[in-house]
Amino acid sequence: MKKYVAAIDQGTTSTRCMLFDRSGRAVATEQKEHRQIFPQAGWVEHDPAEVATITREVCAGALARADLSAADVVAVGITNQRETTVVWDRATGEPVYNAIVWQDTRTDRICAELAALGDDGAERYRARTGLPLATYFAGPKIRWILDNVEGVRARAEAGQLCFGTMDTWVLWNITGGPDGGLHVTDPTNASRTLLMDLDTLSWDEEICAEMGVPVAMLPQIRSSSEVYGTVRERGVLAGVPIAGILGDQQAATFGQACLAVGEAKNTYGTGNFVLLNTGTAKVDSRNGLLTTVCYKIGTNDTVYALEGAIAVTGSLVQWLRDNLGMISTAPEIEQLAATVDDNGGAYIVPAFSGLFAPYWRSDARGAIVGLTRYVTKAHLARAVLEATAFQTREVIDAMNADSGVPLTSLKVDGGMVGNELLMQFQADLLDVPVIRPVVSETTALGAGYAAGLAVGFWSGEDDIRANWVADRQWQPAMDPQRRDELYARWRKAVTRTFDWVE
Ligand code: ADP
């Protein structure tokens, strides 16, 4: 009897394959990092061929660890770093350029030109796509490749090239590649291109034309949970149905069982991503959040979310480690920060690639403010952790304002949630409990759930809710006046980063 679901999690720094049983417990994980390519300041690329190879290796590795074979796996789900853009040749499978990663800011000129086409500026496509024009999203990245790689535009117009986010690239490769590979995506990924109409879940031809992206190169948009096809290569999962696709943050929302209106999760990784389930209602943001597809399960109605995307949180800890050498491992930051009671008046605003939600300022750059002779590296370590919590507070404030219903608790996951000091400060700053589940690999689990639901391994959302178990809670304990003072100071610090890049 088949007893497991496989999830492929193609992330920003690594790719992993995890196997889950019916209780949602992980029985095996295999993970490998891929290279980060920085050709110049502000540019970030990945080698798509390397990612495809690693994907095969981690699938084989996970099965081997649990001593299982394809015969034990009921379905495969895919989750992925969103917005990262690949364009490849349909006939050969050769990428025409490296994958342009979500953090890459090279499309700022393209975004500014598109914003100048009308009176709404960066809000030009918000009503149709839920997104502001920003370098973060995939559409302008496709445009950049077509404009800058020789001969590529003509090939795209002739239908010879495929575009995909990483879900599509992985799916196409494991379903045969040039030999009949499926060119398919799901609405959560498509909703991050600036090219999809949020109501109809189809490509908006008018926007595609303005963006200079031929519709012929775009994948078919299917639901997030259905059998798309089967793994069709000599690989270890050969013959297993592929039955789920969710962008990583939507997958984490699903894996956290945020399945009812008003439920939200925050993932603390390289960046932070808060998603609030708004049900079948598409809530327009007036406060700098994104309106996005949360999931679409088979033929059920589309479920939407409000999202607060924060570019730099955990990567600020990496910066303290790698660029300043103040700590040698990420978890060490907690010991250093705990040697002092507060930030000593110092605030670090990590606007390394501008600011995402709720500001969307590409002209901002990072700043450390409030420095005095008193400030030590321990205060700075504390300021690094606090920056994550302050940025989260800004996004939650925006969410409360947009939805009209204040959040009463926050489910958390991701690499930073092992940090007690940060989690307590987060609860203090939000004034609501912060709750961490037993299974912290919510991204992979969410993709597994989407795939398992499609093949009847789980019978419905009640199974997912039943599998969610709280592990640890942090209760707010800060004096309100102090909370207000700290937060006001942070907001002032943020304004000091604006207007830096001309
Ligand atoms: P991603 O999935 O985005 O690659 P993860 O969820 O694996 O990220 O989280 C890794 C991030 O969390 C890194 O940026 C790292 O600096 C940070 N991190 C990991 N452990 C800790 C810790 N104990 N305290 C603070 N930051 C941490």
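Heads up: these notes are all about the structure in this document. Computed from a predicted structure; not experimentally measured.

### Quick word on the nonpolar core
In this structure, Y136, I142, L195, M217, L218 and F254 are the most contacted members of the largest nonpolar core, which totals 139 residues. Among the elements that line this core, the one with the most residues is helix α12 (residues 377-403), at 13 residues. Apart from residues no more than four positions distant in its own chain, Y136 is found in contact with R82, E83, W102, K141, R192, F273, L290, E307, A309, F356 and W360. Residues Y4, I54, A62 and V184 belong to the second largest nonpolar core, which totals 26 residues.

### With respect to the environment of E226
Within the secondary structure, E226 is located in strand β13 (residues 225-230). The exposure class assigned to E226 is partly exposed, which follows from its relative accessible area of 22%. For the pair formed by E226 and A243, sequence separation is 17 residues and the distance between their alpha carbons is 4.8 Å. Each residue touching E226, except ones within four places of it in the same chain, is listed here: I242, A243, G244 and A454.

### Concerning the sheet that holds strand β16 (residues 272-279)
Pairing in this open sheet of seven strands is mixed, and the strands run β17-β18-β16-β15-β21-β22-β23 from one edge to the other. Taken across any chain shown, the strands that pair with only one partner, and hence form the sheet edges, are β17 (290-295) and β23 (470-474). When the angles between neighbouring strand axes are averaged without regard to direction, this sheet yields 30°. Running over the sheet, helix α13 (residues 420-430) touches β15 (264-268), β21 (410-413), β22 (434-437) and β23 and is turned about 60° from β23.

### A few points about the site of the ligand
If you check the shell around the ligand, you find 15 residues, and the closest are T270, G314, Q318, G415 and N419. One of the side-chain N or O atoms of T13 is found 3.3 Å from an oxygen atom in the ligand. One nitrogen or oxygen atom from the side chain of Q318 is found 3.0 Å from an oxygen atom belonging to the ligand. Contact with the protein chains covers 76% of the free accessible surface of the ligand, which is 580 Å². Considering only residue class, the shell around the ligand consists of six nonpolar, nine polar and no charged.

### Remarks on unusual backbone geometry
In this structure, P358 follows A357 across a cis peptide bond, with omega equal to -5°. Assignment of secondary structure puts P358 in the loop between β19 (347-349) and β20 (367-369). Non-glycine residue L194 carries a positive phi angle of around 75°. Position of L194 relative to the elements: it lies in the loop between α7 (187-190) and β10 (196-197).

### Notes on the packing of aromatic side chains
Scanning the entire structure with this criterion turns up 20 aromatic pairs. Relative to F352, the ring of W319 lies with its centre 5.5 Å away and its plane at 50°, an arrangement referred to as tilted. With a gap of 33 residues between them, W319 in helix α10 (residues 314-322) and F352 in the loop between β19 and β20 connect regions that are remote in the sequence. When its relative accessible area of 22% is taken as the criterion, W319 is described as partly exposed. An aromatic cluster is present here, built from W102, Y136, F137, F273, F356 and W360 joined pairwise through their rings. Directly above the aromatic system of W144 lies the positively charged group of R106, at a separation of 4.5 Å from the ring centroid. A cation over a ring is seen here: R361 above F498, with NZ or CZ 4.2 Å from the ring centre.

### Overview of the pairing of β15
Summarising burial for β15: five of the five residues are buried, a large majority. What you see with β15 is no split at all: A264, N266 and Y268 on one side and K265 and T267 on the other are buried throughout. Pairing of β15 with β16, which is carried by five bridges, proceeds in the antiparallel orientation. Bridge pairing in β16 places Y268 opposite N272. Linking two consecutive strands that pair antiparallel, namely β15 and β16, is a turn of three residues.

### Some words on the pairing of β16
Most of β16 is tucked away, with eight of its eight residues classed as buried. Neither face of β16 is open: one carries N272, V274, L276 and T278, the other F273, L275, N277 and G279, and all of them are buried. Pairing geometry for β16 and strand β18 (residues 303-310), over seven bridges, is antiparallel. Bridged to L275 within β18 is E307.

### With respect to the packing of α12 against α13
Packing of α12 against α13 leaves a shortest axis separation of 9 Å and a crossing angle of 35°. Both α12 and α13 take part in a crossing whose hand is right-handed. Facing α12, whose interface residues are R382, L385, E386, T388, A389, F390, T392, R393 and I396, α13 presents L421, L422, F425, Q426, L429 and L430.

Analysis parameters
- Residues numbered from 1 in each chain as written.
- Predicted model: local features only at pLDDT ≥ 70, side-chain atom pairs only at ≥ 80, totals over all residues.
- Heavy atoms only, no water.
- Core = buried A, V, L, I, M, F, W, Y, C linked by side-chain atoms within 4.5 Å.
- Buried < 20%, exposed > 50% of the residue type's maximum accessible area, 1.4 Å probe, protein only.
- Helix = DSSP H or I, 4+ residues; strand = E, 2+ residues; numbered from the N terminus.
- Contact = heavy atoms within 4.5 Å.
- Pairing = 2+ DSSP bridges.
- Axes fitted to C-alpha atoms, helices over the stretch in contact; angles between N-to-C directions.
- Near = heavy atom within 4 Å.
- Polar contact = N/O pair within 3.5 Å; in protein donor to acceptor, adjacent residues only side chain to side chain.
- Areas by Shrake-Rupley, 256 points an atom, 1.4 Å probe, with all protein chains shown as cover.
- Nonpolar A, V, L, I, M, F, W, Y, C, P; charged D, E, K, R; others polar.
- Phe/Tyr/Trp six-rings, centres within 6.5 Å; stacked < 30°, edge-to-face > 60°.
- Lys NZ or Arg CZ within 6 Å of the ring centre and 35° of its normal.
- Left-handed = near helix turned anticlockwise from the far one by under 90°.

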